[in-house]
Amino acid sequence: MSIQKIMVIGAGQMGSGIAQVAAQTGFQVILQDIKDEYLARGLKVIEKNLTHNIEKGKISVEEKEQILARFQLTTELGLASEADFIIEAATENMGTKTKIFQELDQIARPDVILASNTSSLPITEIAAVTGRPNQVIGMHFMNPVPVMPLVEVIRGLATTDVVYQTVENLAKTMKKTPVEVNDFPGFISNRVLLPMINEAIYTVYEGVATPEAVDQVMKLGMNHPMGPLELADFIGLDTCLSIMEILHEGLGDSKYRPCPLLRKYVKAGWLGRKTGRGFYVYE
């Protein structure tokens, strides 16, 4: 099946990034979200990113206009019937995702692959609510999507080789580097990254050091481009907590227990950059 039109479900940070990359690489894009204001916000971020690319000499003004002309914005899931490939990038919540996949399964053409950008939830469980579990797969982009080259391609229990190969080729067409991963909690990226972030939070919680000191050690001593607590604020502390809970529940090991300080910050509404305060205070 030829993929020419991609539908992205969710116009947030990840969804808008995926949509931008798809449009930049020549695909027609249907960008869907539940409210017009979310779509407008997502498109504004895309336009800002493209303008930045013009300033850096990566694209021309004409190319920006061509990219934006490939977008179709909608609040209706019904347009899934027109898509050749669908990527879900909604809230990291199993109930939300399974509801979306149940609806997409009824609307999308029988031959269409349904992909999820989930960062930690089991693909097999998402696939099980559809009538096409063999055509459901994980396609986990890294944040920020337009910049980061990696895509984790996650096989569910029933995912076929043909579906995997199609998604691997699609990732390459989108100028990303796909890595094959099997369906385990947290996959590779978050199973390694989030426990490190959680341990960094424990060092603050236990009074070992300040957030600034922890981040300095990891940047200057381990050559990380961003400290773990700065990165946690960037990801969103609510997202970090959600992933740690999935790891803890899915793997049953106490080493994945979320730090009490992480829980406290989330309950306080200190979620990082998006709320103006996390381990650091933002304007």
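The rules behind these values
- Residues numbered from 1 in each chain as written.
- Predicted model: local features only at pLDDT ≥ 70, side-chain atom pairs only at ≥ 80, totals over all residues.
- Heavy atoms only, no water.
- Helix = DSSP H or I, 4+ residues; strand = E, 2+ residues; numbered from the N terminus.
- Core = buried A, V, L, I, M, F, W, Y, C linked by side-chain atoms within 4.5 Å.
- Buried < 20%, exposed > 50% of the residue type's maximum accessible area, 1.4 Å probe, protein only.
- Contact = heavy atoms within 4.5 Å.
- UniProt positions renumbered as here; feature names shortened; annotations may be inferred.
- Patch = residues over 30% accessible without salt bridge, like charges linked within 9 Å, V, L, I, M, F, W, Y side chains within 5 Å.
- Areas by Shrake-Rupley, 256 points an atom, 1.4 Å probe, with all protein chains shown as cover.
- Salt bridge = Lys/Arg side-chain N within 4 Å of Asp/Glu carboxyl O.
- Lys, Arg positive; Asp, Glu negative; His and termini not counted.
- Charge placed at Lys NZ, Arg CZ, Asp CG, Glu CD.

Caption draft 1: Inspection of unusual backbone geometry at higher detail. Omega for the peptide link from N143 to P144 comes to 0 degrees, which places this bond in the cis form. Here P144 lies in the loop between strand 6 (136-141) and strand 7 (150-155). The phi angle at F187 is positive, at roughly 55 degrees, despite the residue not being glycine. Position of F187 among the secondary structure elements: in the loop between strand 8 (177-182) and helix 7 (189-205). Within the chain, N223 stands out as a residue other than glycine whose phi angle is a positive 65 degrees. For N223, the position within the fold is in the loop between helix 8 (211-222) and helix 9 (228-235).

Caption draft 2: View of the nonpolar core. Counting 37 residues, the largest nonpolar core has I6, F85, M139, F141 and M174 as its most contacted members. At six residues, the largest contribution of residues to this core is made by helix 1 (residues 13-24). In this structure M139 touches F85, I87, A115, S116, N117, V151, E152, I154, V167, L170, A171 and M174, once residues within four positions along its chain are discounted.

Caption draft 3: Fine view of the UniProt feature "domain: 3-hydroxyacyl-CoA dehydrogenase NAD binding" (unreviewed entry) in the chain. Listed under "domain: 3-hydroxyacyl-CoA dehydrogenase NAD binding" (unreviewed entry) in the UniProt record, and renumbered for this structure, are residues 5-183. Strand forms 22% of residues 5-183 and helix 40%; the C-alpha atoms that close the span are 27 Å apart.

Caption draft 4: Structural detail: the UniProt feature "binding site: NAD(+)" (unreviewed entry) in the chain. UniProt marks G10, A11, G12, Q13, M14, G15, D33, E92, K97, S119, N143 and K274 with the feature "binding site: NAD(+)" (unreviewed entry), using the numbering shown here. When you line up the elements, G10 lands in the loop between strand 1 (5-9) and helix 1. Once residues lying within four places of it in the same chain are set aside, the contact partners of G10 are G15, S16, L31, Q32, D33 and A89. In contact with S119, not counting residues within four places along its chain, are E92, H140, G186, F187, N190 and I243.

Caption draft 5: Spotlight on a negative patch on the surface. Taken together, the side chains of E47, E62, E63 and E65 present a region of like negative charge at the surface. Per-element tally for the negative patch: the top contributor is helix 3 (residues 61-68), with three residues. Structurally, the position occupied by E65 is in helix 3. Owing to a relative accessible area of 47%, E65 belongs among the partly exposed residues under this scheme.

Caption draft 6: Main features of the environment of L79. Within the secondary structure, L79 is located in the loop between strand 3 (71-74) and strand 4 (85-88). Put simply, L79 and A158 are 79 residues apart on the chain and 26 Å apart in space, counted from C-alpha to C-alpha.

Caption draft 7: Up close: a nonpolar patch on the surface. On the surface, V179, I188 and V192 cluster together into a nonpolar patch covering about 240 Å² of accessible area. Along the chain, the position of V179 falls in strand 8. V179 sits in the partly exposed class, given a relative accessible area of 33%.

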